[in-house]
Amino acid sequence: MASSSAFSTWTLNGSSVVPEATKNFGGIICHYQTGCFKETVRCLSMRVSADMPHSWELPNDKLVASGLGRLSLKNKVQCSALEVDMKPSYSVGNKFQLEDVIEAQQFDRNTLSAIFEVALEMEKIEKNSARSQILKGYLMATLFYEPSTRTRLSFESAMKRLGGEVLTTENAREFSSAAKGETLEDTIRTIEGYSDIIVLRHFESGAARKAAATASVPIINAGDGPGQHPTQALLDVYTIQREIGKLDGIKVGLVGDLAYGRTVRSLAYLLAQYEDVKIYFVSPEVVKMKNDIKDHLTSSGVEWEECSDLMEVASTCDVVYQTRIQRERFGERVDLYEEARGKYIVDRDVLGVMQKHAVVMHPLPRLDDITVDVDMDPRAAYFRQAKNGLYIRMALLKLLLLGW
Amino acid sequence: MASSSAFSTWTLNGSSVVPEATKNFGGIICHYQTGCFKETVRCLSMRVSADMPHSWELPNDKLVASGLGRLSLKNKVQCSALEVDMKPSYSVGNKFQLEDVIEAQQFDRNTLSAIFEVALEMEKIEKNSARSQILKGYLMATLFYEPSTRTRLSFESAMKRLGGEVLTTENAREFSSAAKGETLEDTIRTIEGYSDIIVLRHFESGAARKAAATASVPIINAGDGPGQHPTQALLDVYTIQREIGKLDGIKVGLVGDLAYGRTVRSLAYLLAQYEDVKIYFVSPEVVKMKNDIKDHLTSSGVEWEECSDLMEVASTCDVVYQTRIQRERFGERVDLYEEARGKYIVDRDVLGVMQKHAVVMHPLPRLDDITVDVDMDPRAAYFRQAKNGLYIRMALLKLLLLGW
Amino acid sequence: MASSSAFSTWTLNGSSVVPEATKNFGGIICHYQTGCFKETVRCLSMRVSADMPHSWELPNDKLVASGLGRLSLKNKVQCSALEVDMKPSYSVGNKFQLEDVIEAQQFDRNTLSAIFEVALEMEKIEKNSARSQILKGYLMATLFYEPSTRTRLSFESAMKRLGGEVLTTENAREFSSAAKGETLEDTIRTIEGYSDIIVLRHFESGAARKAAATASVPIINAGDGPGQHPTQALLDVYTIQREIGKLDGIKVGLVGDLAYGRTVRSLAYLLAQYEDVKIYFVSPEVVKMKNDIKDHLTSSGVEWEECSDLMEVASTCDVVYQTRIQRERFGERVDLYEEARGKYIVDRDVLGVMQKHAVVMHPLPRLDDITVDVDMDPRAAYFRQAKNGLYIRMALLKLLLLGW
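Residues numbered from 1 in each chain as written. Chains lettered and ligands numbered in written order. Predicted model: local features only at pLDDT ≥ 70, side-chain atom pairs only at ≥ 80, totals over all residues. Heavy atoms only, no water.

Participant: What exactly am I supposed to notice about the UniProt feature "domain: Aspartate/ornithine carbamoyltransferase Asp/Orn-binding" (unreviewed entry) in chain A here?
Facilitator: Feature annotation in UniProt places "domain: Aspartate/ornithine carbamoyltransferase Asp/Orn-binding" (unreviewed entry) on residues 248-399 of chain A, given in this structure's numbering. Annotated as residues 248-399 of chain A, this span is 39% helix and 14% strand, and its ends, taken at the C-alpha atoms, are 25 Å apart. (UniProt positions renumbered as here; feature names shortened; annotations may be inferred. Helix = DSSP H or I, 4+ residues; strand = E, 2+ residues; numbered from the N terminus.)

Participant: Explain the sheet that holds strand β14 (residues 319-322) of chain B to me, please; I cannot follow it from the model alone.
Facilitator: Sheets are built from strands paired through backbone hydrogen bonds, the pairs being either parallel or antiparallel. Residues and elements named next belong to chain B. Here we have five strands laid out as an open sheet, ordered β13-β12-β11-β14-β15, and parallel in their pairing. Edge strands, defined here as strands with exactly one partner in the open sheet, are β13 (303-306) and β15 (359-361). Strand-to-strand, the axes of this sheet are offset by a mean angle of 20 degrees, without reference to chain direction. By the bridge criterion, three bridges tie β14 to β15 in an arrangement that is parallel. Pairing of Tyr321 across the sheet is with Met361, part of β15. (Pairing = 2+ DSSP bridges. Axes fitted to C-alpha atoms, helices over the stretch in contact; angles between N-to-C directions.)

Participant: Help me out: how do you make sense of the sheet that holds strand β9 (residues 197-202) of chain B in this one?
Facilitator: Residues and elements named next belong to chain B. Ordered by their spatial adjacency, four strands build an open sheet running β8-β7-β9-β10, and the pairing between neighbours is parallel. At either margin of the open sheet sits one strand with a lone partner, and together these are β8 (165-169) and β10 (219-224). Ignoring which end each strand starts from, the neighbouring axes of this sheet average 15 degrees apart.

Participant: Sorry if this is basic, but what is going on with empty space enclosed by the protein here?
Facilitator: A water-sized probe, rolled over the atoms, reveals where empty space remains. For the structure shown, the criterion picks out 13 cavities of 30 Å³ or more. Its volume calculated, the largest cavity comes out at about 520 Å³. Along its surface, the largest cavity is lined by 34 residues, and Lys136(A), Glu165(A), Glu165(B), Lys136(C) and Glu165(C) are the ones closest to its centre. Mapped onto the lining of the largest cavity, the elements with two or more residues apiece are α2 (149-161) of chain A, α2 (149-161) of chain B together with α2 (149-161) of chain C. A class-by-class count of the residues in the lining of the largest cavity yields four nonpolar, 15 polar and 15 charged. Lining the second largest cavity are 23 residues, and of these Arg152(A), Thr168(A), Arg152(B), Thr168(B) and Thr168(C) sit closest to its centre. (1 Å grid on protein atoms, 1.4 Å probe; cavity = no way out; pocket = protein on both sides within 12 Å on 5 of 7 lines; lining within 4 Å. Points joined across faces, edges and corners; volume = space filled by probe spheres on them. Nonpolar A, V, L, I, M, F, W, Y, C, P; charged D, E, K, R; others polar.)

Participant: Before we go on, may I ask you to explain the confidence of the model for chain A in this structure?
Facilitator: In regions of low pLDDT, the predicted coordinates are not meant to be interpreted in detail. All names here are of chain A. Residues of chain A with pLDDT of at least 70 account for 74%, and the chain-wide mean is 79. Predicted confidence for residues 3-94 stays below pLDDT 50, and this span has 223 contacts to residues more than four positions away or in other chains. Among the scores for the predicted complex, ipTM is 0.79 and pTM is 0.81. (pLDDT = per-residue confidence, 0-100. Contact = heavy atoms within 4.5 Å.)

Participant: Please clarify how the pattern of salt bridges should be interpreted in this entry.
Facilitator: A side chain with one charge can pair with a side chain of the opposite charge if their charged atoms come near. Tallying each qualifying case throughout the model produces 68 salt bridges over all chains. We note a salt bridge from Arg242(A) to Glu123(A), for which the minimum N-O separation is 2.8 Å. Of this pair, Arg242(A) sits in helix α6 (residues 230-244) while Glu123(A) sits in helix α1 (residues 109-127), and the two are 119 residues apart along the sequence. The class of Arg242(A) is partly exposed, set by a relative accessible area of 22%. Among the ionic pairs, Arg150(C) bridges to Glu182(B), the shortest N-O distance being 2.4 Å. Within this pair, whereas Arg150(C) is found in helix α2, its partner Glu182(B) is found in the loop between α3 (172-175) and α4 (184-191), the two belonging to separate chains. (Salt bridge = Lys/Arg side-chain N within 4 Å of Asp/Glu carboxyl O. Buried < 20%, exposed > 50% of the residue type's maximum accessible area, 1.4 Å probe, protein only.)

Participant: Please clarify how the pairing of strand β13 (residues 303-306) of chain A should be interpreted in this entry.
Facilitator: Residues and elements named next belong to chain A. Strand direction decides the pairing type here: strand β12 (residues 278-282) and β13, joined by four bridges, are parallel. Bridge assignment links Lys278 to a residue of β13, and that residue is Glu303. A crossover links β12 with its parallel partner β13, the connecting element being helix α8 (residues 291-299), and its sense is right-handed. (Right-handed = clockwise from strand over helix to strand, strands pointing away.)

Participant: Got a minute to help me understand the environment of Ser283(B) in this structure?
Facilitator: Mapped onto the elements of the fold, Ser283(B) is located in the loop between β12 (278-282) and α8 (291-299). Excluding anything up to four places from it in sequence, Ser283(B) contacts Gly256(B), Leu258(B), Lys288(B), Met289(B), Cys307(B) and Tyr344(B).

Participant: Just to check I follow, could you spell out the environment of Gly225(C) for this structure?
Facilitator: Residues and elements named next belong to chain C. By the element assignment, Gly225 lies in the loop between β10 (219-224) and α6 (230-244). A C-alpha to C-alpha distance of 10.0 Å links Gly225 and Tyr145, two positions 80 residues apart in sequence. Ignoring any residue separated from it by four or fewer positions in sequence, one finds Gly225 in contact with His202, Phe203, Glu204 and Arg262.

Here it is in structure tokens:
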């Protein structure tokens, strides 16, 4: 959602206001003069214009922070718009306010740790047969411009496990007014009127950020094209924490398509926040990890190494993170594809050299990049990893709608 | 749903019955002789045959009106069918019973005013964080033969905001047994067994009326092809009432595609119910308002005028109702299209001449027919208008399922 | 779900266990030694490997049967996998435990009778305006690899009528990771993490059985290609019971496409469980009932006869079960198709020779195989039959999730 930092001033209905972060919910309070507003029309969106001659006092009974940690207007005050730079307003530490989930980079080590704490609570809630109703009365819209059944069902399950309700759009690109040329911003402004939170999957990089700048409700990025898929990155790190018991001092082998796979790129980014992490890149030449991530790791003090021997890496690592290599990356060189594919399969031989406490992870779907006989081994963590996606999403929904 | 007026007689199971409107819910009571019915089978639908030799008394404990204002059969009486002319049975005045929502013309001024009163209540309910559960246990089916994400989500949100549940069919035309050649009537008879109310979007004009004649549950027309889209018409009038504060004595400029746009046609029709309304038609020659509406306005005593100068109209009107002009209406004359398009854009210049209390409306999606810089002006009412669709649909669901 | 019979032994985490059916819920208890398990990882799936040197005791507080009659693991025991032959574990008699619904053949006469008893309860629940909440907190996933709006909505309505929630996938084949080559087993292992029961519609015969062998949650087969559609078979038999009042001693005419129609094949199979049943096959030569069913009927002591005269059969039978004949079955012989079609239509003439207590049934959708004027006759049972699908599915959901 459109958030703000303290001390900005906005123009509201031609007059300007001063937003101010309040202590108890990380929200916004506007100071303004009542007289300049039209009393008969409700406020739907807030947006800031550039000019702001001076500021006004807002009586508390007019514009108040809702219990949801969201901006809301009591009664009949009209605001035209409010626009602020998108900037996460949660504070680092044990109390914070999430406003949107846009990209893996927005989470620091402390925030991750706080989210994981809530996710662990969620595991307990989900297993308890007396189901939770903490999100009863809340409505989540899954606005998917490209289909992703796994991700969509995971979010919808998370919402319903907490007693919330869901509006579903499985194929917004083809079906909605987007087909008639409506901008994403306009669609968001309509959908936010029908729901309390929007989960957005889009084919364009940056779509989630654009949506969050417009929306007055929280936006969760469920993947925007080649860009970000932050909830996948969170569940990956959460899974390592749950399976290995720690994040500092771990050795992780990233295997497969490292150039285009957004999950391994995000994961590498998040791992850089931890101490003494060592990352091994195991991939065919054609889909090697790109330099931006390598540079970031280096500058963050993370040791990394490229290695072509999967067995050697597997025998050393705490985590073997396998990904699917797509034929189309190899163009005409089918021979290189076939060679690469055969070389980087996780099978019982790989398991054989792995340590007892180590795990195999995979973002799924897998094809033949992990053989089926690996599934029976307790170290096969990929279905538990998928399930962790549920807990992470439950945690995020709880944090975004109810706060810490 | 299939409704009736008093004093018709029907044949039921080979015997005839006399339906009678009861005072308290506008429903139907059948008088029939118990003996002629098979006791072991429940009634699913009622339908009248042409011949009716004489009539019978219905004991109250056999066929009763449910609390929902719907026909229902207690226990095991079997009826084959009941068919009557579809005719709204609500009475004009402050108490009435809605049975279906089929077309804008079914609503008179008093009914509109009663619906708007309920919609205003719904605004309060939606804003209240203690969510309403008045439709808890009710099931709405959205049977959409063509996709319309905006309309569908708006109805589904309305149902869920009141505690009800939803069965969704996003693309019934392609997916359902319609593809195998099933008639709409047969589909309705199946779906009505699974739900308490059906929201129907269809590609054929008249489909909603056909469905209502068959169904034993209420039908809401969510658009039937080039025909009607009555909930859009209701939300448009409601928006004018909310934004301008009155409906008598207003001046409305209808801009854009007036020939094919069903929203402006329905709106003109409904406005004819109010006093001292003046309507300005602003459109390219190719898509001028058709004569049927003009004649209706004239015969209803509504003043109207065709005008090619948007600025002049904007400076006079309380409401500038913009619509999208579609290129395909102009055939080969792309030059005329480009000219028309440029001429009828609502931008800050148009805002500049508009009165302070006036508003810009649009059924959405908009393309470049309203420039984005207009959004920030308080007079830009189109997103509030979209939100009003939620309140109107909440009101209709409440009225159809629970009554006044 | 993966079920077991007593006395099998499994290898669990490299150690073996003995599963044992308990009396009170027909479930599984594993005997194993705690020490050999990793304590930090939760169990997601259980699977048996072939080798099993010896068995261990399972402390009751580690692996317990949930109140749902499903296997569940308390806390932190890790199991890799459990695989057993799929075999329904409910006992014949008045108490039983359903674990999956895979094929019509899994139900014997006593089980059918018990299911119908619950379905009758469900009719009362559905008609009661105080809606049931017995499945509150339960989540059903409808995983449809091919669209079937009627079946999907019927299941979703059943779940919601009992207070449960639904995750919907209308077109999993096209949209999900199946398109990327994921196996059904992998998809099931992901979806079971998000839901409490899976309703599967698939294009491949045997898919439901495959899913049930993998899943730790109950699977309901909602049609797997040319294979089975057991809930349709159940609702057909239930409808005969409700309409005719008995199943022993009835005469049933199966009409239309008997070669490819899976409903008539399953129905014939289930009817073979009852006494003194007489079946008439009425069909064009091209789509005659196949020998496997005829042989089964003969060996079950069911009298059957092939007959080309629909009027004669109709005058004798308690049930005329009509089905749609598909043109494509006739290849180039359009003349034969047209002849067959005209010959086997149920119209008012057929009604005229039928007995007063007899009924016409049809799995729907119908085209012109039953004329519309038949609908008005009380003996037209096909829409009541469709509604019975709701009660049967409510009953199955109740039995699978809550037990008897």
